Amino acid sequence: MENTKPAPIVTGPAEGQCISMAGNNYRILVTGKETGDAFAVMDFLIAPGGGPGPHAHAGFQESFYVVEGEIEFKSEAGTYIAKEGSFVTIPKGGMVHQFKNKTDKTARMLCTVVPAGLEAFFMEAGKPVEHGVLLPPAPMDAASIKAMQALGEKYGQQLFPPDFLDK
């Protein structure tokens, strides 16, 4: 009898495309192409002081599991310090959120997006690197910010000024 069921998807410890973006390292463990666009999973290394600025994506649910370290999550609903073992999910709907590593040690999180598609933003916006390599963030001038906003819109993401959630 022939097995017609899909095979498991396996990504080894040294496998998966790694992207440098905003000073962080994002390793893509499984893409939407591999899951029929159902979901994608990424392994994030967040440098001290690192993390994205305020952003929102109404069409994606984004969930984070803190594997190592501590991350400050801010959203329109408030601030939460996620320590090792914490789980944070940003539901669909477009809530503005951001996270930042405010410690002096690299933090690690697993990020799942449902449906898939956000990983394609990272693949297009970031720079391919080796796993674990943390490059300094690229300087952002007016033209770079405009280009990143356009790319964000292409993938259903809105970007906001850095102080948006400080108000």
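Residues numbered from 1 in each chain as written. Predicted model: local features only at pLDDT ≥ 70, side-chain atom pairs only at ≥ 80, totals over all residues. Heavy atoms only, no water.

Some details on the packing of aromatic side chains
Okay, so step 1: Under the definition given, this model contains 11 aromatic pairs.
Okay, so step 2: Relative to F99, the ring of F73 lies with its centre 5.6 Å away and its plane at 45 degrees, an arrangement referred to as tilted. One end of the pair, F73, is in strand β6 (residues 70–75); the other, F99, is in strand β9 (residues 97–100), and 26 residues separate them in sequence. The residues F73 and F99 share a single accessibility class, namely buried.
Okay, so step 3: Among the aromatic residues, those joined into a cluster by ring pairs are Y26, F44, F64, F73, F99, F121, F122 and Y155. (Phe/Tyr/Trp six-rings, centres within 6.5 Å; stacked < 30°, edge-to-face > 60°. Helix = DSSP H or I, 4+ residues; strand = E, 2+ residues; numbered from the N terminus. Buried < 20%, exposed > 50% of the residue type's maximum accessible area, 1.4 Å probe, protein only.)

Description of the packing of helix α2 (residues 118–125) against helix α3 (residues 142–154)
Two measures define how a pair of helices packs: the angle their axes make with one another and the distance between the axes.
Okay, so step 1: At a minimum axis distance of 9 Å, the contact between α2 and α3 shows a crossing angle of 150 degrees. The pairing of α2 with α3 is recorded here as roughly antiparallel in orientation. As α2 runs across α3, the sense of the crossing is right-handed. The residues of α3 that touch α2, namely those facing F121, E124 and A125, are M148, L151, G152 and K154.
Okay, so step 2: Along the lines of polarity and charge, the residues of the contact of α2 with α3 split into 4 nonpolar, 1 polar and 2 charged. (Axes fitted to C-alpha atoms, helices over the stretch in contact; angles between N-to-C directions. Parallel < 35°, antiparallel > 145°, perpendicular 65-115°, else oblique. Left-handed = near helix turned anticlockwise from the far one by under 90°. Contact = heavy atoms within 4.5 Å. Nonpolar A, V, L, I, M, F, W, Y, C, P; charged D, E, K, R; others polar.)

Some thoughts on α2
Okay, so step 1: Buried residues of α2: L118, E119, F121 and F122, and no others. In a view along the axis of α2, the buried residues occupy a sector of 155 degrees, so they form one face of it. (Arc of directions from axis to C-beta.)

Examining the pattern of salt bridges
Okay, so step 1: For the coordinates displayed, the defined rule picks out 5 salt bridges.
Okay, so step 2: Residue E72 is joined to K102 by a salt bridge in which the shortest nitrogen-to-oxygen separation is 3.3 Å. Here K102 lies in the loop between β9 and β10 (107–114) and E72 lies in strand β6, a separation of 30 residues in the sequence.
Okay, so step 3: Overall, K102 belongs to the exposed group, its relative accessible area being 56%.
Okay, so step 4: Across the salt bridge formed by E124 and K154, the nearest N and O atoms sit 2.9 Å from each other. With a gap of 30 residues between them, E124 in helix α2 and K154 in helix α3 connect regions that are remote in the sequence. (Salt bridge = Lys/Arg side-chain N within 4 Å of Asp/Glu carboxyl O.)

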